[in-house]
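Structural characterization, general
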Amino acid sequence: MAALGWLTHRRRSATARSVLAGEAAAEAARKSSQEAQAAPPEEEAEFPVRGDDRAAAFFDLDNTVMQGAALFHFGRGLYKRKFFDTRDLARFAWQQAWFRLAGVEDPEHMQDARDSALSIVKGHRVAELKSIGEEIYDEYMAERIWPGTRALAQAHLDAGQKVWLVTAAPVEIAQVIARRLGLTGALGTVAESVDGVYTGRLVGEPLHGPAKAEAVRALAAAEGLDLFRCAAYSDSANDIPMLSLVGHPYAINPDAKLRRHAREMDWRLRDYRTGRKAAKVGIPAAAGVGAVAGGTAAAIALHRRRR
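Residues numbered from 1 in each chain as written. Predicted model: local features only at pLDDT ≥ 70, side-chain atom pairs only at ≥ 80, totals over all residues. Heavy atoms only, no water.

1. Some thoughts on the overall build of the protein chain
Looking only at helices and strands, the protein chain features 12 helices and 8 strands. A burial count over the protein chain gives 43% of its 307 residues as buried. Accessible surface, the protein chain: about 16400 Å² in total, of which carbon and sulfur atoms supply 55%. (Helix = DSSP H or I, 4+ residues; strand = E, 2+ residues; numbered from the N terminus. Buried < 20%, exposed > 50% of the residue type's maximum accessible area, 1.4 Å probe, protein only. Areas by Shrake-Rupley, 256 points an atom, 1.4 Å probe, with all protein chains shown as cover.)

Laid out in structure tokens, this is it:
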């Protein structure tokens, strides 16, 4: 019986300790809750940082700000104005269809498109092409701006930061697009001109891949920017050098290679091409699918006509 009494005592004392522990835990939880309610909620770090004049944003153009390739849309406008024939248009259309379906830039396609554009504008005045670029923007480009990316650029502008397009497209076209979107300016491929007339040659090389990173680095130095405080946005793995320069890189509508790299590096991603994302930014998904299908059909028809 003595042993039984000892066991009974242990059970009772253990129960008492459990009650005491439970009451202590409850009291601690209650105090913690009261303190949390009294303290102001922790806020996420503001970005873009308002008033930070040493920060800026750099946006790729093709498939980041605009659906498709600016050079193709420019080519359509020039064709309409009799700058070249149907065979050249077919080539532009096929390249554009491939670009939109594959979602990546093919170096050979891009080089062919640039060579074609240079041969087309050779002998024309720079002022003439700038004027035509304004018209072409209204005809083919304005409706192809991604609202989601446009909102990102506007957030930087609203924060008092400069926003630049960085693209392999001709600088004259890039400047038109930047001005129409209310951006600060544009970095683009520079075509050589003498006395205001295009020679059909480039100054240096196309602003593509590593050349973009060098352009951003040079502009940042000239503007007194801190690249760690800057942001960059692109859809293409070709722009990893540019994205890697800044403290805030974003993958927008990324190709497969950039998507993998962005996830490995813990970069932020935005995709405005899917139905779910399109709904958030007000783009009907069916309209996007129809545009791709229609563009592909037209390209195939033109390709067959060439054959």
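Now, onward.
2. Some details on the side chain of N253
Its place among the elements puts N253 in the loop between β7 (248–252) and α10 (256–265). At 2.7 Å, the side chain of N253 and the backbone nitrogen of Y272 are in polar contact. Residues contacting N253, with those up to four places away along its chain left out, are N63, T64, W146, D235, R270, D271, Y272 and R273. (Polar contact = N/O pair within 3.5 Å; in protein donor to acceptor, adjacent residues only side chain to side chain. Contact = heavy atoms within 4.5 Å.)

3. A word on the confidence of the model for the protein chain
The predicted model of the protein chain has a mean per-residue pLDDT of 77, with 64% of residues at 70 or higher. The low-confidence segment residues 275–307 (pLDDT under 50) makes 29 contacts with residues lying over four places distant or belonging to another chain. (pLDDT = per-residue confidence, 0-100.)

4. With respect to the pairing of strand β4 (residues 191–194)
Alignment of β4 against strand β5 (residues 197–202), held across 3 bridges, turns out to be antiparallel. Bridge pairing in β5 places V194 opposite V197. If you look at the hairpin formed by β4 and β5, you'll find 2 residues sitting between the two strands, and D195 has a positive phi there, around 55°. (Pairing = 2+ DSSP bridges.)

5. Quick notes on the sheet that holds strand β6 (residues 231–234)
Spatial strand order, β3-β2-β1-β6-β7-β8: 6 strands in an open sheet with parallel pairing. Edge strands, defined here as strands with exactly one partner in the open sheet, are β3 (185–189) and β8 (268–270). Neighbour-to-neighbour, the strand axes of this sheet turn through a mean angle of 20°, independent of strand direction. Bridging between strand β1 (residues 56–59) and strand β2 (residues 162–170) involves 4 bridges; their strand directions are parallel. Counted as the bridge partner of A56 is K162 from β2. With respect to the sheet, helix α7 (residues 171–180) is in contact with β2 and β3, its orientation differing from that of β2 by roughly 145°. Along the sheet, helix α8 (residues 210–223) makes contact with β1, β2 and β3, crossing β2 at roughly 145°. (Axes fitted to C-alpha atoms, helices over the stretch in contact; angles between N-to-C directions.)

6. Quick notes on the pairing of β1
Judged by which residues are buried, β1 turns out to be covered on both faces: A56 and F58 on one side and A57 and F59 on the other are all buried. The pairing of β1 with β6 spans 3 bridges and is parallel. Residue pairing in the sheet places A57 in a bridge with A231 of β6.

7. Examining the packing of helix α5 (residues 126–141) against α7
Viewed as axis vectors pointing N to C, α5 and α7 meet at an angle of 50°, and their least axial separation amounts to 9 Å. The pairing of α5 with α7 is recorded here as oblique in orientation. Between α5 and α7 lies a crossing of right-handed hand. For the pair formed by α5 and α7, the contact residues are V126, K130, G133, E134, Y137, D138 and M141 on the first element and E172, I173, V176, I177, R179 and R180 on the second. Of the residues contributing to the contact of α5 with α7, the split by class is 6 nonpolar, 1 polar and 6 charged. (Parallel < 35°, antiparallel > 145°, perpendicular 65-115°, else oblique. Left-handed = near helix turned anticlockwise from the far one by under 90°. Nonpolar A, V, L, I, M, F, W, Y, C, P; charged D, E, K, R; others polar.)

8. A closer look at the environment of D266
Mapped onto the elements, D266 comes out in the loop between α10 and β8. When the C-alpha positions of D266 and P249 are compared, they lie 9.5 Å apart, and in sequence the two are 17 residues distant.

9. Some details on the packing of aromatic side chains
Tallied over the full model, the rule gives 3 aromatic pairs. Summarising the aromatic geometry, the rings of F47 and Y250 are spaced 6.4 Å apart at their centres and angled 15° between planes, so their arrangement reads as stacked. Placement of F47 in the loop between α1 (2–38) and β1 and of Y250 in strand β7 is noted, with a sequence separation of 203 residues between them. Judged by relative accessible area, which is 27%, F47 ranks as partly exposed. Look at Y250 and you get buried, because its relative accessible area is 5%. An angle of 20° between the planes, with centres 4.6 Å apart, marks the rings of Y233 and Y250 as stacked. Highlighted residues: Y233 in strand β6 and Y250 in strand β7, separated in sequence by 17 residues. Considered together, Y233 and Y250 belong to a single accessibility category, that of buried residues. (Phe/Tyr/Trp six-rings, centres within 6.5 Å; stacked < 30°, edge-to-face > 60°.)

10. Quick word on the pattern of salt bridges
Counted by the stated rule, this structure contains 16 salt bridges. With a closest N to O distance of 3.6 Å, D226 and R229 form a salt bridge. Overall, D226 belongs to the partly exposed group, its relative accessible area being 23%. The exposure class assigned to R229 is partly exposed, which follows from its relative accessible area of 32%. A single network of salt bridges, built from pairs that share partners, joins K80, R81, E135 and E139. (Salt bridge = Lys/Arg side-chain N within 4 Å of Asp/Glu carboxyl O.)

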